[in-house]
Every structure is written in C-alpha cells, then in structure tokens.
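Analysis of the macromolecular model
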Amino acid sequence: MSDRRLFLKAAGVLAIGSILPQWTGCKPLAYAAKFPPIGLQLYTLNFLLNTPNADTALVLKQIADIGIKELETATGGNGLYYGQKPKVFAKMAKDAGLTWIGNHIGGLPRNPPASVSATANARPRFRNLRDNVQEIVDDAAEGGCGWVICSSSAISTMDEIKRTTEVFVKAGDLAASNNIKFAYHNHQSEFDPIEGVSAFDYVLKNTDKNKVFMELDLAWATAAGQDPVALFAKYPGRFPLWHVKDLDKITGRPCPVGTGKVDFKNIFTNSKLSGVKHTFIEQDGAKTIEDPASSVKWLKENIYS
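Residues numbered from 1 in each chain as written. Predicted model: local features only at pLDDT ≥ 70, side-chain atom pairs only at ≥ 80, totals over all residues. Heavy atoms only, no water.

1. Some remarks on the overall build of the protein
A tally of regular secondary structure across the protein gives 14 helices and twelve strands. Within the protein, buried positions represent 52% of all 305 residues. Contacts spanning at least 24 positions in sequence make up 77% of the contacts within the protein whose residues lie at least 6 apart. Surface accessibility of the protein: about 13800 Å² in total, with carbon and sulfur atoms responsible for 54%. (Helix = DSSP H or I, 4+ residues; strand = E, 2+ residues; numbered from the N terminus. Buried < 20%, exposed > 50% of the residue type's maximum accessible area, 1.4 Å probe, protein only. Contact = heavy atoms within 4.5 Å. Areas by Shrake-Rupley, 256 points an atom, 1.4 Å probe, with all protein chains shown as cover.)

2. Some remarks on the nonpolar core
Membership of the largest hydrophobic core comes to 78 residues, with the highest contact counts inside it found for Ile63, Ile68 and Trp242. Not counting residues up to four positions away in its chain, the partners in contact with Ile68 are Ile38, Gly39, Leu40, Ile63, Leu98, Ile281 and Val296. The next biggest cluster of nonpolar side chains, apart from the first, holds seven residues, and it includes Trp147, Ala183, Phe213 and Leu241. (Core = buried A, V, L, I, M, F, W, Y, C linked by side-chain atoms within 4.5 Å.)

3. Description of the pattern of salt bridges
A full pass over the atoms with the stated rule returns twelve salt bridges. A single salt-bridge network, built from bridges that share partners, covers Asp217, Lys245, Glu282 and Asp284. (Salt bridge = Lys/Arg side-chain N within 4 Å of Asp/Glu carboxyl O.)

4. Quick notes on the environment of Asp192
Its location among the elements puts Asp192 in the loop between β5 (181-185) and β6 (193-194). Accessibility expressed as a relative area gives 43% for Asp192, which makes it partly exposed. Placed 32 residues apart in sequence, Asp192 and Ala224 show a C-alpha to C-alpha distance of 8.2 Å. Discounting residues that sit within four places of it in the chain, Asp192 has contacts with Val197, Ser198 and Ala199.

5. So, unusual backbone geometry
One non-glycine residue, Tyr82, adopts positive backbone phi at about 60 degrees. With respect to the helices and strands, Tyr82 occurs in the loop between β2 (70-73) and α5 (86-95). Here the phi dihedral of Glu195 falls at roughly 50 degrees; this positive angle occurs in a residue that is not glycine. Residue position: Glu195 is located in the loop between β6 and β7 (197-198).

6. Quick word on the pairing of strand β8 (residues 212-217)
The element β8 is extensively covered by neighbouring structure, given that six of its six residues are classed as buried. Of the two faces of β8, the one lined by Val212, Met214 and Leu216 and the one lined by Phe213, Glu215 and Asp217 are each fully buried. Examined bridge by bridge, β5 and β8 share four bridges and lie parallel to one another. Residue pairing in the sheet places Tyr184 in a bridge with Met214 of β8. Here three bridges tie β8 to strand β9 (residues 241-244), and the two strands are oriented parallel to one another. Each bridged residue has a counterpart across the sheet, and for Glu215 the counterpart in β9 is Leu241. (Pairing = 2+ DSSP bridges.)

7. Re α5
The complete set of buried residues in α5 reads Pro86, Phe89, Ala90 and Ala93. For α5, the arc enclosing every buried residue in end-on projection is 100 degrees, short of the 170-degree limit, so these residues lie on one face. Relative to its buried face, α5 has exposed residues pointing more than 90 degrees away, namely Lys91 and Asp95. Elements that come into contact with the buried residues of α5 comprise α4 (56-65), β2, β3 (99-105) and α7 (129-143). Two residues or fewer after α5 comes Gly97, characterised by a positive phi angle close to 85 degrees. (Arc of directions from axis to C-beta.)

8. Thoughts on the side chain of Glu70
Mapping Glu70 onto the fold places it in strand β2. Despite its burial, Glu70 remains without a salt bridge, the nearest opposite charge being carried by Lys69 at 10 Å. Reaching out from Glu70, the side chain makes a polar contact with the side chain of His278 at a distance of 2.8 Å. (Lys, Arg positive; Asp, Glu negative; His and termini not counted. Polar contact = N/O pair within 3.5 Å; in protein donor to acceptor, adjacent residues only side chain to side chain.)

9. Overview of the side chain of Gln41
The residue Gln41 is located in strand β1 (residues 38-41) in this model. On the basis of relative accessibility, which here comes to 0%, the residue Gln41 falls in the buried class. Only 2.9 Å separates the side chain of Gln41 from the backbone nitrogen of Tyr43, close enough to count as a polar contact. In contact with Gln41, not counting residues within four places along its chain, are Glu72, Thr73, Ala74, His104, His243, Phe280, Ile281 and Glu282.

10. Some remarks on helix α8 (residues 158-177)
Between its first and last C-alpha atoms α8 spans 29 Å; for 20 residues at 1.5 Å apiece the expected length is 28 Å, and the two agree. Among the residues of α8, those classed as buried are Met158, Glu160, Ile161, Thr164, Thr165, Val167, Phe168, Ala171, Gly172, Leu174 and Ala175. Taken from the residues just after α8, Asn179 is the one with a positive phi, measuring 60 degrees. (Expected span 1.5 Å × (residues − 1).)

11. Observations regarding the packing of aromatic side chains
Tallied over the entire structure, the rule returns 16 aromatic pairs. Consider the rings of Phe35 and Tyr304, whose centres lie 5.4 Å apart with planes at 65 degrees: the pair is edge-to-face. In this pair, Phe35 is assigned in the loop between α2 (12-19) and β1 and Tyr304 in the segment after α14 (290-302), connecting sequence segments 269 residues apart. As far as burial versus exposure is concerned, Phe35 and Tyr304 are alike and both buried. (Phe/Tyr/Trp six-rings, centres within 6.5 Å; stacked < 30°, edge-to-face > 60°.)

In structure tokens:
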C-alpha cells in the first residue's frame with residue numbers, strides 16, 4: 001500500500017490536472033475561458049478504434065486535428081484502452097496533444113435471459129464496477145485519468161436500483177480515497193418511474209454529493225422529456241461532465257451536434273449552475289470522423305464564439 005501511495009503522489013500532478021477545471025490558467029484558444037475545452041467520447045469512433053489492426057496513435061492524431069482537446073474512453077472490441085495499458089494509452093493521447101479525462105465502465109451487470117445464460121457464461125465477461133472496482137480505479141491512477149464513469153447499470157427494478165446505488169457508493173468512496181472522481185452516465189431509462197421514483201433521483205438522493213456525480217447525456221435526458229436546465233437547478237453542481245449529443249428531429253437517432261432538436265444554446269447559457277468541468281461530443285453510430293468534426297465546427301461557431 002505504501003508503494004502505491006508513493007506512485008499516486010508521483011502521478012498526482014496529471015491526475016489533479018484532470019479533475020480541476022481545464023479552462024483556468026493557460027488559454028490557448030479565445031473561447032477557453034467561457035466553457036471547458038471540447039472533448040470527445042471515443043465510443044463515437046468505435047469503427048476506427050476497435051478493429052483488429054487499429055492504429056490507435058494515428059486515430060488520436062486525427063482526433064486532435066479536428067479540434068478536440070480532451071478524451072473519454074469506453075470498452076470496445078479491443079477491450080479497455082483500445083488494447084493498450086493505461087500508461088501507454090495516456091502517453092499516446094499526450095503525444096497527440098490530448099488529455100485523457102475519464103473512462104467508461106459498466107456498473108451492476110444485467111442478468112442474461114435463461115435461454116442465453118449458458119452461452120453468455122461461456123464467454124469472458126467485461127470488467128464492471130461491482131466485481132472489479134479496485135482494478136478500475138488502479139488503472140485510472142496509473143494512466144493519470146481523473147474520472148471513473150459508470151456507462152450504464154442494471155436499474156429495471158427497485159432492487160436493482162438499490163444494488164446499483166450500493167455499487168456507486170463504494171466506487172465513489174474508493175475513487176475519492178485515490179484522488180479520482182466517480183460519475184454515472186444516464187440514458188433514457190434512468191428517468192422511468194419505478195415504484196414511484198426514478199433511478200436518476202434515487203441515486204442522486206442516496207449518495208454523497210461530493211463523491212457521486214452525474215455525467216449528464218444531454219440528448220438522452222431530452223429524449224426522456226427532461227429539461228437539462230431544470231435538472232441543474234434541482235441538483236446544482238452534480239453535473240461536472242456532459243455528453244454533448246444531438247438527436248435527429250425526425251428519427252430521434254444521434255446526429256451531429258447542432259443539426260437536431262437539443263437546445264444547446266439554452267443549456268450552455270445555464271452551464272455554470274451544473275458545475276460542468278468537461279464536455280464530450282458523442283454520436284452513436286457515426287460513420288466517419290467528419291461527423292464529430294462537424295460537431296466541433298458548430299460548437300465553435302454557435303456556442304464558443
């Protein structure tokens with residue numbers, strides 16, 4: 001344990017730099033003082049990063065070239081960190097001029113249907129916060145990654161919601177003890193009422209506001225009939241991370257930012273109330289790197305200008 005604490009001290013500068021607001025201090029771009037640097041959830045580019053012969057370093061350089069400054073990772077076909085060790089991936093990102101801010105990992109696993117349980121149990125399971133939280137926090141510390149984020153968790157019953165919340169309490173405590181922070185990323189289902197309460201409200205009301213935060217997916221909250229600004233007012237300071245995602249006005253599918261129905265101008269105008277520190281463009285189903293590139297362009301022209 002003493003060796004681990006010495007390592008954490010040595011890695012502290014990068015880890016703390018990931019946690020503090022990134023738009024203070026040096027301002028390489030004119031808009032940097034107004035909002036956090038534009039980031040990208042790499043799930044958007046799974047089609048580039050999770051192929052057998054993916055050139056991770058080259059993809060990261062391409063991401064930097066479209067104006068991205070910060071990264072969030074997610075499990076994919078090549079596993080966590082795109083087949084790299086945390087420290088190696090962090091160096092690749094730094095060499096490309098990017099900062100690795102957060103990593104997505106599953107929470108409480110969902111039980112597979114009986115008809116597929118035998119097949120599912122025969123496959124290696126992805127790591128998750130219920131079973132592997134110490135390992136995940138250790139990886140974040142090793143890579144200087146300031147945030148561990150639950151990508152999704154079982155919440156279909158009140159029992160699952162309570163067990164998910166217990167997982168989050170443990171993750172938040174462990175992260176905090178290692179100078180890292182923990183957050184929960186929402187989809188639409190978090191807002192569904194179950195026994196009179198939503199998983200979203202239950203988690204936020206039954207966890208420490210200084211240890212369990214939300215990464216608000218602006219699109220899925222909007223799709224669930226929620227007003228993100230009203231959520232900021234209800235839980236001020238609990239949303240230091242955002243997924244900046246848009247939804248097509250007709251199909252409801254993710255689309256480049258600024259081309260859909262999410263009211264980004266009103267959301268960003270009220271961003272201070274949320275406590276936002278990092279924002280990540282995400283577009284499920286993107287086909288080319290031009291999709292996030294167009295989102296960066298729209299944000300710079302309409303929000304960050």
